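# Examining the three-dimensional arrangement
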Amino acid sequence: MARFLIVEARFYDHLNDMLIAGARAALEAEGHEVEVVTVPGALEVPGTIAMAAESDRYDGFVAIGVVIRGETYHFEIVAGESARGIMALTMDGIAIGNGILTTENEAQAIYRADPKQANKGAGAAQAAMALLAMQEKFA
Ligand SMILES: Nc1c(NC[C@H](O)[C@H](O)[C@H](O)CO)[nH]c(=O)[nH]c1=O
Ligand SMILES: CC(=O)[C@@H](O)COP(=O)(O)O
């Protein structure tokens, strides 16, 4: 049993609820413990994971959120910088699955978030579990 923290950027309630349900189900199916913390937006996710990792209370992390393109360059900043921050933490050896969707519109996000369709929350949880297994293999 490992302890996973889901860090969710709650920008779109209905989409996050689906992503979290998929991630939680995948983790619990493997017998892991799951906690969830909520931050305002995707830009706050990497920093929160960094703080939580310092606490040594968690073995792995799942980043959850949705960034939908608007009218301005803001989309590129939020989508790119959140991914960059998560990747930097991954390169430090932290087991993280990135389940932050970056889509052109809501329909694309619904398809990807829905556990009965693409179930990207579960995909991110699987990635986090795979990285944790790598950590253990190379310890
Ligand atoms: N536009 C989206 C955001 N923007 C908010 C930022 O992530 C951040 O919270 C703000 O700039 C304050 O630092 N966040 C999302 O998760 N999704 C979006 O579509
Ligand atoms: C992340 C985004 O692109 C969006 O939420 C912001 O919209 P806008 O560019 O129209 O301000």
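Predicted model only: the values in this text are computed from it and were never measured.

### A look at the site of ligand 2
As a matter of local geometry, ligand 2 sits amid Val67, Arg69, Gly70, Glu71, Thr72, His74, Phe75 and Val78. The biggest single contributor to the shell around ligand 2 is helix H3 (residues 74–91), with three residues. Of the residues assigned to the shell around ligand 2, the class counts are three nonpolar, three polar and two charged.

### A few points about the site of ligand 1
Lining the immediate environment of ligand 1, one finds 13 residues, of which Ala9, Phe11, Gly41, Ala42 and Leu43 sit closest. Looking at the shell around ligand 1, the elements with two or more residues in it are strand E3 (60–68) and H3. Here the shell around ligand 1 is composed, by residue class, of nine nonpolar, three polar and one charged.

### Considerations on the sheet that holds E3
Strands sit in the order E2-E1-E3-E4 across an open sheet of four strands; the sheet is parallel. Edge positions in the sheet fall to strand E2 (33–39) and strand E4 (96–103), since each of these pairs with one other strand and no more. Pairs of neighbouring strands in the sheet enclose a mean axial angle of 15°, with direction left out of account. The pairing of strand E1 (residues 3–9) with E2 spans seven bridges and is parallel.

### Considering the pairing of E1
Burial within E1 is extensive, with six of its seven residues counted as buried. Crossover connection from E1 via helix H1 (residues 13–29) to parallel E2: handedness right-handed. Two strands pair when backbone bridges link them, and E1 and E3 are joined in this way by five bridges, in the parallel orientation. By the bridge assignment for E3, Val7 is matched with Ala63.

### Quick word on the UniProt feature "binding site: 5-amino-6-(D-ribitylamino)uracil" (unreviewed entry) in the chain
UniProt records the feature "binding site: 5-amino-6-(D-ribitylamino)uracil" (unreviewed entry) at Phe11, Ala42, Leu43, Glu44, Val66, Val67, Ile68 and Asn98, using the numbering of this structure. Within the secondary structure, Leu43 is located in the loop between E2 and helix H2 (45–55). Those residues in contact with Leu43, other than ones at most four positions away along the chain, are Val78, Glu81 and Ser82. Glu44 gets classed as partly exposed once you count the C-beta atoms within 10 Å, which come to 16. If we ignore the near neighbours within four places in the chain, the residues touching Glu44 are Ala9 and Val39.

### A closer look at unusual backbone geometry
At Asp56, a position not held by glycine, the phi torsion is positive, near 65°. Summarising the element assignment, Asp56 is placed in the loop between H2 and E3. Even without glycine at this site, Asn119 takes up a positive phi of about 50°. Note that Asn119 resides in the loop between helix H4 (106–113) and helix H5 (120–137). What makes Asn119 buried here is the crowd of 21 C-beta atoms within 10 Å.

Conventions we followed
- Residues numbered from 1 in each chain as written.
- Chains lettered and ligands numbered in written order.
- Predicted model: local features only at pLDDT ≥ 70, side-chain atom pairs only at ≥ 80, totals over all residues.
- Near = placed C-beta within 6 Å.
- Helix = DSSP H or I, 4+ residues; strand = E, 2+ residues; numbered from the N terminus.
- Nonpolar A, V, L, I, M, F, W, Y, C, P; charged D, E, K, R; others polar.
- Pairing = 2+ DSSP bridges.
- Axes fitted to C-alpha atoms, helices over the stretch in contact; angles between N-to-C directions.
- Buried ≥ 20, exposed ≤ 12 C-beta atoms within 10 Å, placed from the backbone.
- Right-handed = clockwise from strand over helix to strand, strands pointing away.
- UniProt positions renumbered as here; feature names shortened; annotations may be inferred.
- Contact = placed C-beta atoms within 7 Å.

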